[in-house]
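# Reading the structure
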Amino acid sequence: MNRYILALDQGTSSSRAIVFDEHGHTKAVSQKEFTQIFPKPGWVEHNPMEIWSSQASVIAEAITSIDINGLNIAAIGITNQRETTIVWDAETGEPVYNAIVWQDRRTSEFCDHLKRDGRTDLIRSKTGLIIDAYFSATKIRWILENVPGARQKAEEGRLRFGTVDTWLIWMLTRGEVHVTDVTNASRTMLFNIHSLEWDKELLSLFDIPESMMPQVKSSSEVYGYTKTTLFAHEVPIAGIAGDQQAALFGQMCTEPGSVKNTYGTGCFLLMNSGERPIMSSNNLLTTIAWKIGDTVNYALEGSIFVAGSVVQWLRDGLGIIRSSSEVEELAASVPDNGGVYFVPALTGLGAPHWDQYAKGSIYGISRGTTAAHIARAALEGIAFQTMDIVNAMQRDAGCTLKELKVDGGASRNNLLMQFQADILGTSVIRPTVTETTALGAAYLAGLAVGYWESIDHIKSQWGVETEFRPEAPAEAVTTLKEGWADAIRRTLTGK
């Protein structure tokens, strides 16, 4: 009987299920988009039940498409949009409010209050994070403060919190298992990344009862077994990692100094820093890469809030393309950006600027500017933001980037990848399998149940599809960088 690993990739705009074989090859894929809810400017929500129903739907479609069942599945690995916050009733399993998405900015003022109170160093020293509405802690607090009855239920021990991995496992096990892993816990602003436990001082600071919090496990172990009717037989759930850490593992960035960038809704650049956390001096985040057995690997991370979603905006907001796939052809129809720079701060600016009040800006528009110039500037803005993080990362780590491994939907855009190589002055490497986020979750699950015998065994499966080398003249690159630096200066609030 053939056996496979099922990876659940629950993202910001869609839920996916991917079946992998022992060679790391994709055997089946199913994907379903779900509703994005924008109740107010800067607010972003999802319906937790729709997250679950969309994920359950694609699981059924993926396994049915290749005529397999639970007996054929050796384990399930889960990777997920991080920081997105769900709070539900422990007895009924009903969410008390919509999921508050990582992009949501409603708690920005409270974050400013924490900074004025001098909490920055305390939070950074314990969690490796900066104070920002991005992370889960202020979202949980908002729900407890603003949903009628939530505070009382929480104090009585009747509410549960989870990032999306925790929610999916709760649903898959019918409420028997309430867990997360160290990677997701490290994104809450409540988890001590040194002692590897929920920090009582931070829970008190945010007024969050510890009874709400899931048990924190490693990234590769059996957490429990499925109890749903999706599978006729129980299947072990054996791998969890936040999407960016899963991609780092799927790219086999297992050596200190290795770097990957995922071009998804946002952009996330991670560098494996080995078994010691590097506390950034350049506004990057220190986070946990994964824990396998007793060994913890840490990472430096730079987060870009808007990357692929700027292409969605060109489609839905501006209407200059009919589908996202058209953007490369439109951008390539002009030889350069025509002096136009697009800073896509549509939900504020992330690393290394961390300006939560910045707004998206387009500079350099003239009578000669066309839709193609704006499309090209939008793609270049993704690459420029990545460049800013690479520069900060090199300063923190004290080393020069040798190559950048890339994945995610926008990594298939050749124009963007070539421009990225040109602006960085280093090779950009796209692997043969770009589903590295799901693959990382699959690898973590497979290792836990002996489906793959070791990390070294897995490394042999990683291969290069395309290497983009720098081609642009140095003088042109310098001019482009100067134009970007000016655009950023103009965009930052208070500058």
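Keep in mind the model is a prediction, meaning the values are calculated, not measured.

### Some remarks on the pairing of strand 22 (residues 427–431)
Among the five residues that make up strand 22, five are buried, leaving the element largely enclosed by the rest of the structure. Residues S427, I429 and P431 of strand 22 are buried on one face, and the alternating residues V428 and R430, pointing to the opposite face, are buried as well. Crossover strand 21 (residues 403–407) to strand 22 through helix 13 (residues 414–424) is right-handed. In this sheet, strand 23 (residues 464–468) lies alongside strand 22 in antiparallel orientation, the contact comprising four bridges. Along strand 23, the bridge assignment pairs P431 with V464.

### Some points on the environment of H25
Checked against the element boundaries, H25 lands in the loop between strand 2 (14–20) and strand 3 (26–33). H25 gets classed as partly exposed once you look at its relative accessible area, which sits at 45%. Between the C-alpha atom of H25 and that of L439, which follows or precedes it by 414 residues, the distance is 9.0 Å. Beyond its immediate chain neighbours, meaning those up to four positions away, H25 contacts V19 and F20.

### Quick word on the packing of aromatic side chains
Counted by the stated rule, this structure contains 19 aromatic pairs. The ring of W43 is capped by R106, whose NZ or CZ atom sits 3.8 Å from the centre of that ring. The residue whose ring lies beneath R141 is F110, and the NZ or CZ to ring-centre distance is 3.8 Å.

### Details of the pairing of strand 2
Burial of strand 2 is extensive: seven of the seven residues sit out of reach of the surface. Of the two faces of strand 2, the one lined by S14, R16, I18 and F20 and the one lined by S15, A17 and V19 are each fully buried. Direction of pairing for strand 1 (residues 4–10) relative to strand 2: antiparallel, over a ladder of six bridges. By the bridge assignment for strand 2, L8 is matched with A17. Hairpin remark: strand 1 followed by strand 2, antiparallel, with three residues in the connecting loop. Pairing between strand 2 and strand 3: seven bridges, direction antiparallel. Across the sheet, the residue bridging to I18 is V29, located in strand 3. Hairpin connection from strand 2 to strand 3: five residues lie between these consecutive antiparallel strands, with G24 at a positive phi of about 80 degrees.

### A closer look at the side chain of S218
Mapped onto the secondary structure, S218 falls in the loop between strand 12 (215–217) and strand 13 (220–225). You can call S218 buried: its relative accessible area is 6%. At 3.4 Å, the side chain of S218 forms a polar contact with the backbone nitrogen of S220. Discounting chain neighbours no more than four positions away, the residues touching S218 are D181, Y223 and K291.

### Looking at the packing of helix 1 (residues 48–65) against helix 6 (residues 164–172)
Closest axis-to-axis distance for the helix 1/helix 6 pair is 11 Å, and the angle between their directions is 65 degrees. The angle between helix 1 and helix 6 falls in the class roughly perpendicular. Helix 1 and helix 6 meet at a crossing whose hand is right-handed. Counted together, P48, M49, I51, W52, Q55 and I59 of helix 1 and V164, W167, L168, M171 and L172 of helix 6 form the full contact between these two elements. By residue class, the composition of the contact of helix 1 with helix 6 is ten nonpolar, one polar and no charged.

### Some details on the environment of S220
With respect to the helices and strands, S220 occurs in strand 13. Measuring from C-alpha to C-alpha, the distance between S220 and G368 comes to 55 Å, with 148 residues separating the pair along the chain. Not counting residues within four places of it along the chain, the set of residues in contact with S220 comprises A238, K291, I292, L444, L447 and A448. From its side chain, S220 meets the backbone oxygen of L444 in a polar contact 2.6 Å long.

Cut-offs applied
- Residues numbered from 1 in each chain as written.
- Predicted model: local features only at pLDDT ≥ 70, side-chain atom pairs only at ≥ 80, totals over all residues.
- Heavy atoms only, no water.
- Buried < 20%, exposed > 50% of the residue type's maximum accessible area, 1.4 Å probe, protein only.
- Helix = DSSP H or I, 4+ residues; strand = E, 2+ residues; numbered from the N terminus.
- Right-handed = clockwise from strand over helix to strand, strands pointing away.
- Pairing = 2+ DSSP bridges.
- Contact = heavy atoms within 4.5 Å.
- Phe/Tyr/Trp six-rings, centres within 6.5 Å; stacked < 30°, edge-to-face > 60°.
- Lys NZ or Arg CZ within 6 Å of the ring centre and 35° of its normal.
- Polar contact = N/O pair within 3.5 Å; in protein donor to acceptor, adjacent residues only side chain to side chain.
- Axes fitted to C-alpha atoms, helices over the stretch in contact; angles between N-to-C directions.
- Parallel < 35°, antiparallel > 145°, perpendicular 65-115°, else oblique.
- Left-handed = near helix turned anticlockwise from the far one by under 90°.
- Nonpolar A, V, L, I, M, F, W, Y, C, P; charged D, E, K, R; others polar.

Interpretation note: all reported values are geometric properties and have no functional meaning in isolation.
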